[in-house]
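Architecture and fold: a report
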Amino acid sequence: IEEVVKNGYQLPSTIHEWSEFDYIGSSGPWVSEEKYAFFEHFKFYLKVGYSRKRPLLRPVQWLAKQRCKHKSFVFPIEKFLFDRWGKRVELS
């Protein structure tokens, strides 16, 4: 935090400002868009790959585990399908 403040980021200073600070749903100015997208994909695939085993989703769960293992999130077709038709997966 010291480095971020040193670089010009101003932390909330009142109780009201802190109450509006979203530390879960935002990335903050210290996280690049690329890094934020990486971790959003990583959280999604961790949740899918290591959730309760379901016979119909076994191939998708295996693929999600492979994506996490190899940190490969290009062409996230499973995420698109889950977002489009699946039950909403809460990430955090």
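Here, the structure is the one placed above.
As the structure is a prediction and not an experimental result, all values here were calculated from the model.

1. Points about the environment of Glu17
In this structure, Glu17 sits in helix α2 (residues 15-19). Of the residues examined, Glu17 reaches a relative accessible area of 35% and is grouped as partly exposed.

2. A look at the side chain of Gln61
Following the sequence through the fold, Gln61 ends up in helix α4 (residues 58-70). Within polar-contact distance, the side chain of Gln61 engages the backbone oxygen of Arg52 at 3.1 Å. Setting aside residues no more than four positions away along its own chain, Gln61 makes contact with Val48, Gly49, Ser51, Arg52, Lys53 and Arg54.

3. A word on the packing of helix α3 (residues 33-49) against helix α5 (residues 77-85)
The contact between α3 and α5 brings their axes to 11 Å, and the two run at 75°. Relative to α5, α3 is oriented roughly perpendicular. Residues His41, Phe44, Tyr45 and Val48 of α3 pack against Ile77, Glu78, Lys79 and Phe82 of α5. Class assignment for the residues of the contact of α3 with α5 results in five nonpolar, one polar and two charged.

4. What to know about the nonpolar core
Listed in full, the seven residues of the largest apolar core are Phe44, Tyr45, Val48, Ala64, Cys68, Phe73 and Phe82. Listed by contribution, the elements that provide at least two residues to this core are α3 and α4. Once you skip the residues sitting within four places of it in the chain, Ala64 turns out to touch Tyr45, Val48 and Gly49.

5. Overview of the packing of aromatic side chains
Per the counting criterion, the structure on display carries seven aromatic pairs. Ring centres of Phe42 and Phe73 lie 6.0 Å apart, and the angle between their planes is 70°; this geometry places the pair in the edge-to-face category. Here the residue Phe42 occupies a position in helix α3, and Phe73 occupies one in the loop between α4 and α5, the gap between them amounting to 31 residues. Look at Phe73 and you get buried, because its relative accessible area is 10%. Relative to Tyr45, the ring of Phe44 has its centre 5.0 Å away and its plane inclined at 80°; by these criteria the two rings are edge-to-face. Positioned over the ring face of Phe44 is Lys79, at 5.2 Å from the centre of the ring.

Rules of the game
- Residues numbered from 1 in each chain as written.
- Predicted model: local features only at pLDDT ≥ 70, side-chain atom pairs only at ≥ 80, totals over all residues.
- Heavy atoms only, no water.
- Helix = DSSP H or I, 4+ residues; strand = E, 2+ residues; numbered from the N terminus.
- Buried < 20%, exposed > 50% of the residue type's maximum accessible area, 1.4 Å probe, protein only.
- Polar contact = N/O pair within 3.5 Å; in protein donor to acceptor, adjacent residues only side chain to side chain.
- Contact = heavy atoms within 4.5 Å.
- Axes fitted to C-alpha atoms, helices over the stretch in contact; angles between N-to-C directions.
- Parallel < 35°, antiparallel > 145°, perpendicular 65-115°, else oblique.
- Nonpolar A, V, L, I, M, F, W, Y, C, P; charged D, E, K, R; others polar.
- Core = buried A, V, L, I, M, F, W, Y, C linked by side-chain atoms within 4.5 Å.
- Phe/Tyr/Trp six-rings, centres within 6.5 Å; stacked < 30°, edge-to-face > 60°.
- Lys NZ or Arg CZ within 6 Å of the ring centre and 35° of its normal.

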